[in-house]
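# Notes for the structure review
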Amino acid sequence: MAEVQVYGVWCSAFVRRVEMGLKMKRVEYEYIEEDLKNKSDLLLKYNPIYKKVPVMLHNRNVLVESLIILEYIDEVWEGPPILPKDPYERARARFLAKFIDDKLPSMWKACWSAGEEREKLIVETREALKILENELKGKKFFGGDSIGLVDITANFIAGWFLGLHESVGLQIMTQENFPNLMKWAEEYSGNSFIKENMPDKEKLVAHYKILKTGAQS
Amino acid sequence: MSDEVILLDVYASMFGMRVRIALAEKGVEYEYREEDLGNKSPFLLQMNPVYKKIPVLIHNGNPICESLLILEYIDEVWKDNKSPPLLPSDAYHRATARFWADFVDKKVFDLGRRLWTRKGEEQEAAKKEFIDALKLLEGELGNKPYLGGDKFGYLDVALVAYYSWFYAYEKCGNFSIEEHCPKLVAWAKRCMKKESVAKSLADPIKVYEFTLMLKKKYGLE
C-alpha cells in the first residue's frame, strides 16, 4: 500500500487542492477515484461524519476537509511553504481561504439559478470577488511571489468558475470588472503543477452541461 | 515596545468566550470592548469589514477575525509564556483537533440556534441532531480528562464556551443535556475548575435572558 492515498472525484476542486499541495511538496501518492452515487465502503469508513471527498491517508492517519489536509501537508513535508511563516500573515491566509469556501456555494449557485434568485447571487458573488480583487493589488499571487494556501483554495475560481462562465455564458467575472483576478487566473493556470490539476476544460464543461439539463428537467 | 491587545466582543458570545479563555491561559493583558450588535461601532466595521462580526482581536493594530483562527494566532504569538501550547505538537493530532473544532462550528452552533429559535417539530428534530452531535464529541473525549488529552487544549477551548449556553438550550428545548451526555457535562465541569474558563464564560442565566430578549426582539416567542 502506498504511503499516501487520496480518495477523490476528478471534477472536485476540493480534491484537486489536496493533489496540488502534495505535488508542491513532491510527495508521491496513489489516487483512488470514487463514484459519489455509489460510495465505497472505505470512503464511508474513513469519513463517516461527512461521507465526502477528499480523504487523504498518510500511513495510518486519516484526514478529511481540504483546508485541514493542506495544513497537515505543509507541516509534515519539506518543500515550498503553503502557509506563510508570520503568524499574522498565516491568520490572514487562513481567513481568506475560509472566506472563499464560505462564498463558494453562492458562486456555484449563481451559475445555475435563474431570475431574481440569480440576480441576488450574482450581487453576492461580485461582492465576494471584490474582496479578493483588492487582496491581489500589487501582488502576483495571493501568496505574494509564489503560490500559497489562498491561491490553492481559489482553484475553484480559476478553473471551475471561469470554466462554467464559458459553458453557461456568464458575465459575472470579466476582465473589465475584475482585472486583477483575471490576470491572477491566467498566471496561476499557466503554472505546470496547477495546469495538471485542473480538470480537462471540455470534459468539465460537458459534465456540467449534462448536470444543468438534469437540473432543469 | 509592549503589546497593545484589544478584544471586540459580546458578553454572551461563545465565540468571544473562546478568545477570552485563550488570552487568560496565556496571561495576556488586553482591553475588552463590549459591542452592541444592533449598533456596531465604526471601529468594528473597520476591523472586520468582510463579516462585521465579533470577536475581533486587534494586536498592535492588526485585526484577526474568526474565533478559531484567533486561537491559532494566540497560540503562535504567545508561545513562550508559562502555559503549555493550546494546539497539540503532532501534525496529525493538530489536524484532528482542527477537524473537531470545525465540526463544533458546523453542527453544534447551528443546531443549538435552531433549538432555541424554533418550535414544535422543527425544534424536536434540531434537539435530536444536537444530542447526536454532542454524543460524537463525547465519543471523541472517550476516557480522557480533556479533549486535548491529559492537558486542556484548543479543542477544549473551542467547545467549553458552549457550556454557558447549555442552560438556555435545555430551558428552550425542555430537556437535560446531562441525561444524554453525562461524560461531556462532567468534562465541562472539570474545565470550569480552571480559572481561565470560569472567569471567561458568561453566566448561563444571563445567556438565557439574552435569548429571551432576542426572541422578543425578533418575534420568535
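Provided above is the structure to which this section pertains.
In this report, we go over the structure that sits alongside the text. Please read these numbers as outputs of a predicted model, since none were measured by experiment.

Calculation notes
The residue numbers shown here count from 1 along each chain, following its written sequence. Here chains are named by letter from A upward and ligands by number from 1 upward, in the order in which they appear as written. Where local features are concerned, this predicted model is filtered to residues with pLDDT of at least 70; where side-chain atom pairs are given and counted, the filter is 80 or more; whole-chain, interface and lining totals use all residues. Excluding hydrogens and water, the side-chain figures rest on all heavy atoms present in the structure. The helix count covers DSSP runs of H or I at least four residues long, the strand count covers runs of E at least two residues long, and both are numbered beginning at the N terminus. The globule rule used for comparison is 2.2 Å times the number of residues to the exponent 0.38, while the radius of gyration itself is calculated over C-alpha atoms. The cut-offs for exposure are 20% and 50% of the maximum accessible area for each residue type, with area from a 1.4 Å probe on protein chains only; residues under the lower value are buried, those over the upper are exposed, and the others partly exposed. Any pair of residues with heavy atoms lying within 4.5 Å of one another is described as a contacting pair. Only when DSSP finds a minimum of two bridges between them are two strands counted as paired. Here, the term right-handed applies to a crossover whose path from the first strand over the helix to the second runs clockwise when the strands point away from the viewer. One speaks of a salt bridge when a side-chain nitrogen belonging to Lys or Arg is within 4 Å of a carboxyl oxygen belonging to Asp or Glu. Reported buried area values correspond to the accessible surface (1.4 Å probe) lost by two parts on association, with both partners' losses combined. Fitted lines through C-alpha atoms serve as axes, helices being fitted only where they are in contact, and the angles separating the N-to-C directions of these axes extend from 0 to 180 degrees. Any angle that is under 35 degrees is reported as roughly parallel, and any over 145 degrees as roughly antiparallel; angles of 65 to 115 degrees are reported as roughly perpendicular and all others as oblique. Handedness of a helix crossing follows the sense of rotation of the near helix relative to the far helix, less than a right angle counterclockwise being left-handed and clockwise being right-handed. Here the nonpolar group is Ala, Val, Leu, Ile, Met, Phe, Trp, Tyr, Cys and Pro; Asp, Glu, Lys and Arg are the charged ones; every other residue, Gly included, is treated as polar.

This part takes up the overall build of chain A. The helix and strand tally for chain A stands at 10 helices and 4 strands. Mapped in sequence order, the helices and strands of chain A form the string β-α-β-α-β-β-α-α-α-α-α-α-α-α. Rg of the C-alpha trace for chain A: 17 Å, near the compact-globule value of 17 Å for 217 residues, within the 12% margin. A burial count over chain A gives 53% of its 217 residues as buried. Taking contacts inside chain A between residues at least 6 apart in sequence as the whole, the part at least 24 apart equals 66%.

Let's shift gears to the pairing of strand 2 (residues 31-34) of chain B. All names here are of chain B. Bridging between strand 1 (residues 5-9) and strand 2 involves 4 bridges; their strand directions are parallel. Along strand 2, the bridge assignment pairs L7 with Y32. For the segment spanning strand 1, helix 1 (residues 14-25) and strand 2, crossover handedness is right-handed.

On to the pairing of strand 4 (residues 62-65) of chain B. Residues and elements named next belong to chain B. Relative to strand 4, strand 3 (residues 56-59) runs antiparallel, the two sharing 4 bridges. Bridge assignment links I58 to a residue of strand 4, and that residue is P63. Hairpin geometry of strand 3 and strand 4 is characterised by an intervening segment of 2 residues between the two adjacent antiparallel strands and by a positive phi of about 50° at N60.

We now examine the pattern of salt bridges. Applying the stated rule across the entire model yields 27 salt bridges over all chains. Taking the shortest distance from any N to any O, the salt bridge between R20 of chain B and D9 of chain B comes out at 2.7 Å. Residue R20 of chain B is found in helix 1, and its partner D9 of chain B is found in strand 1; the two are separated by 11 residues along the sequence. By relative accessible area, D9 of chain B is classed as buried at 0%. Note that E122 of chain B is salt-bridged to R118 of chain B, the shortest N-O span being 2.9 Å. One connected set of salt bridges, linked through shared partners, spans E71, E75, R90 and R94 of chain A together with E72, E76, R94 and R98 of chain B.

Turning our eyes to something else, we now look at the interface of chain B and chain A. For an interface, size is often stated in terms of accessible area lost upon the parts coming together. Each side of the interface is counted separately: chain B has 25 residues, and chain A has 22 residues. Summed over both partners, the interface of chain B with chain A comes to about 2,200 Å²; 67% of that surface belongs to carbon and sulfur atoms. Taken as a group, L69, Y92 and F99 of chain B account for 26% of the area that chain B buries against chain A, more than any other trio of residues on that side. Scanning the region where chain B abuts chain A turns up 7 salt bridges. Ionic pairing is found between R94 of chain B and E75 of chain A, a salt bridge with its closest N-O pair at 3.0 Å.

Let's shift gears to the packing of helix 7 (residues 163-173) of chain B against helix 11 (residues 204-217) of chain B. Residue and element names in this part refer to chain B. As a packed pair, helix 7 and helix 11 sit with axes 7 Å apart at the nearest point and diverge in direction by 50°. Accordingly, the angle class assigned to the pair helix 7 and helix 11 is oblique. Once helix 7 is placed against helix 11, the crossing between them reads as right-handed. Each of S164, W165, Y167, A168, K171 and C172 in helix 7 lies in contact with helix 11, whose residues at this interface are P204, I205, V207, Y208, F210, T211 and K215. Taken together, the residues of the contact of helix 7 with helix 11 sort by class into 9 nonpolar, 2 polar and 2 charged.

Before going further, it helps to spend a moment on the sheet that holds strand 4 of chain B. Residue and element names in this part refer to chain B. Spatially, 4 strands are ordered 2-1-3-4 in an open sheet, and the strand pairing comes out mixed. The open sheet is flanked by strand 2 and strand 4, the only strands paired with a single partner. The sheet shows a mean angle of 20° between the axes of neighbouring strands, direction not considered. Lying on the sheet, helix 1 is in contact with strand 1, strand 2 and strand 3; it crosses strand 1 at an angle near 155°.

All names here are of chain A. Running from N to C, helix 4 (residues 87-112) and helix 7 (residues 155-168) point in directions that differ by 10°, and their axes come no closer than 10 Å. Overall, the two elements helix 4 and helix 7 adopt an arrangement that is roughly parallel. The element helix 4 and its partner helix 7 pack so that their crossing is left-handed. Across the interface between the two elements, L104, M107, W108, C111 and W112 of helix 4 pack against F156, I157, F161, L164 and V168 of helix 7. Tallied by class, the residues present in the contact of helix 4 with helix 7 amount to 10 nonpolar, no polar and no charged.

Residue and element names in this part refer to chain A. The sheet built from 4 strands is open, its strands ordered 2-1-3-4 with mixed pairing. Every interior strand has two partners, whereas the edge strands, strand 2 (30-33) and strand 4 (61-64), have only one. Averaged over all neighbouring strand pairs, the angle between strand axes comes to 20°, with direction disregarded. With 4 bridges connecting them, strand 3 (residues 55-58) and strand 4 associate as antiparallel partners. In the sheet register, L57 faces strand 4, and the bridge partner there is V62. The sheet contacts of helix 3 (residues 66-76) involve strand 3 and strand 4, and relative to strand 4 the element is tilted by about 135°.

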